[in-house]
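# Descriptive structure summary
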Amino acid sequence: MELNFEQGPIRPPSEAESLLIRATRNCPWNKCTFCHSYHDSKFSLRSVEEIKQEIDAMHAIAENIAKLSCKRGQGGKVNDSIVQMIFNDYGFSDAYRTVAAWLYFGGKSVFLQDANSIIMKTEDLVEVLKYIKMIFPFVDRITSYGRSKTAAKKTVEDFVKLKAAGLSRIHVGMESGYDPVLEFIKKGETAADHIEGGKRIMAGGISLCEYIIPGMGGDKWSTEHAKQTAEVLNEINPDYIRLRSLQVREGTALYTMMKEGLFTPLADEDVLKEIRLLLENLHCRDTYVVSDHILNLLQEIEGKLPNDKERMLGTIDRYFSMSLKDRMIYRLGRRRGIYNSLDDLANIRIYDRLRQIVEEYEKKDPQQLDRDLYKAMHGFI
Ligand code: SF4
């Protein structure tokens, strides 16, 4: 029988090296207006037996790969030559490629898919976690997405049990801490749910990562979105805050609203001002702020609160202290995937190439580049 397992559509960026185990399918809520991840897909729980069978399949594949490595004189290791062989040979299935890549990156972390696997009965999830640890004893981190509302319905004791069974971190899509924004995006959760759910996860000893969407309040609620989100985060004091700037994707309800003029996304620089306001109002302790998403203009905003707050604000101020032309050059480079940080502006050859493009735009219409970057970001084209 072919060894295989299901894989869901997404994972957090920080779980790129994790083995993805699909504990539940899709999203039980699936109504957020900005979200396209589980479009038209129905949520379902999976039985513990079914999940265990897939873990067994992953384990069998890992053993087969180790045998192959021994046969090729690599001592069971999954190194460059083994990974290249598996990825270049069409005889190997995607399941083999998935497990090989995981082992290549160390095979230490697991992410439980899909959108809200903490919705499983605590005892079922505990059984799955223990099984993962038994089959792969070298795994030292198991994480999952979870909705605040679901977390708020579990007890602290539930989270203590999940932690003891091996659940290390829960990634929560808070998006905003401002109720009118949460209602507008049909999040199905309130600021109070976020606080309650977040506090219970933290009290259970599980690491908590809250995802925030700068720009989610559009031009209407930018200030309130920043300030109230900071308030909610201050209450929770999570281990991580991750920023992911809004991109309105075609096919979402928010895209339709945008087209109908019911929602106006913020311009790049207004999003940055909003992030500044959020940071200014954050008073968390020992919370790591990360801005590692590809859509964020300044990925180098990163540090631990409270000590690194001034440095993070300084990064934003450094951007705004640049001339309008340099800011345009940076934005163009960033959106074309050329620049990763403000320091990249020091590369004269690339800078000159981008400057020429900006100046071409300036000759025709000084506002056009700004409009094109905005359109590209929000799928207007
Ligand atoms: S809860 Fe998460 S996955 Fe589900 S619809 Fe909302 S944003 Fe998408």
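What comes next is a walk through the structure.

Cut-offs and rules
- Residue numbering note: each chain is counted from 1, following its sequence as written.
- For a predicted model such as this one, the threshold for reporting local features is a pLDDT of at least 70, and the threshold for listing and counting side-chain atom pairs is 80 or more; totals across whole chains, interfaces and linings nevertheless cover every residue.
- Water and hydrogen atoms play no part in the side-chain values, which are based on all heavy atoms of the structure.
- Two strands are counted as paired when DSSP detects at least two bridges linking them.
- Per the convention used, a helix needs a DSSP run of H or I reaching at least four residues, while a strand needs a run of E reaching at least two, with both numbered from the N terminus.
- The rule for a salt bridge is simple: a side-chain nitrogen of Lys or Arg has to be within 4 Å of a carboxyl oxygen of Asp or Glu.
- Burial classification: accessible surface area is computed with a 1.4 Å probe over protein chains only, and a residue below 20% of its type maximum counts as buried, one above 50% as exposed, and the rest as partly exposed.
- Here an angle of 0 to 180 degrees is reported between the N-to-C directions of two axes, which are lines fitted to C-alpha atoms, with helices fitted over the stretch in contact.
- The contact rule is simple, with two residues in contact once any of their heavy atoms fall within 4.5 Å.
- Expected span, for any helix, means 1.5 Å times one less than how many residues it has.
- Two rings belonging to Phe, Tyr or Trp (six-membered ring only in the last case) form a pair when the distance between their centres is within 6.5 Å. Interplanar angles under 30 degrees mark stacking, angles over 60 mark edge-to-face geometry, and anything in between is tilted.
- Counted as over-ring charges are cases with an Arg CZ or a Lys NZ within 6 Å of the ring centre that also lie within 35 degrees of the ring normal.

The subject of this paragraph is the pairing of strand β8 (residues 240-243). The pairing of strand β7 (residues 207-212) with β8 spans four bridges and is parallel. Within β8, the residue paired with Ile212 across the bridge is Leu243. Relative to strand β9 (residues 287-290), β8 runs parallel, the two sharing three bridges. Paired with Tyr240 across the two strands is Tyr288, which belongs to β9.

On to the pattern of salt bridges. Under the criterion given, the structure shown has 31 salt bridges. Asp308 is the salt-bridge partner of Arg311, the closest N and O atoms lying 3.5 Å from each other. You can call Arg311 partly exposed: its relative accessible area is 44%. Lys325 is the partner of Glu359 in a salt bridge, and the nearest nitrogen-oxygen pair spans 2.7 Å. One end of the pair, Glu359, is in helix α14 (residues 348-364); the other, Lys325, is in helix α13 (residues 324-335), and 34 residues separate them in sequence. Since its relative accessible area comes to 25%, Glu359 is described here as partly exposed. Overall, the relative accessible area of 27% leaves Lys325 in the partly exposed class.

What holds strands together in a sheet is hydrogen bonding between their backbones, with the strands either parallel or antiparallel. Read across the sheet, eight strands follow the order β1-β4-β5-β6-β7-β8-β9-β10 without closing on themselves; strand pairing throughout is mixed. Edge positions in the sheet fall to β1 (19-22) and β10 (303-305), since each of these pairs with one other strand and no more. The mean angle between the axes of side-by-side strands here comes to 25 degrees, regardless of whether they run parallel or antiparallel. In this sheet, strand β6 (residues 167-175) lies alongside strand β5 (residues 141-145) in parallel orientation, the contact comprising four bridges. Looking at β6, one finds that Tyr145 is bridged to His171. Docked against the sheet, helix α4 (residues 122-135) engages β1, β4 (109-113), β5 and β6, running at close to 150 degrees with respect to β4.

What follows concerns helix α8 (residues 191-203). The end-to-end C-alpha distance of α8 is 18 Å, a good match for the 18 Å that 13 residues give at a rise of 1.5 Å each. Every buried residue of α8 is accounted for by Ala191, Asp193, His194, Ile195, Gly197, Gly198 and Ile201. Each element contacted by the buried residues of α8 is listed here: α5 (148-153), α6 (156-165), β6, α7 (179-184), β7 and α9 (222-236). Phi for Gly205, located one or two positions after α8, is positive at around 85 degrees.

What follows deals with the pairing of β9. It is a general feature of regular strands that their side chains alternate between the two faces of the sheet. Across three bridges, the pairing between β9 and β10 is antiparallel. Across the sheet, the residue bridging to Thr287 is Leu305, located in β10.

Within the structure shown, the criterion is met by 12 aromatic pairs. Ring centres of Phe92 and Tyr96 lie 5.6 Å apart, and the angle between their planes is 50 degrees; this geometry places the pair in the tilted category. Aromatic pair Tyr319 and Phe320: ring centres 5.1 Å apart, planes at 85 degrees, arrangement edge-to-face. Judged by relative accessible area, which is 0%, Tyr319 ranks as buried. An aromatic cluster is built from Tyr319, Phe320, Tyr330 and Tyr339, whose rings are joined through pairwise contacts. The lysine or arginine in question, Lys31, covers the ring of Trp29, its NZ or CZ lying 4.4 Å from the ring centre. Positioned over the ring face of Tyr131 is Lys52, at 5.1 Å from the centre of the ring.

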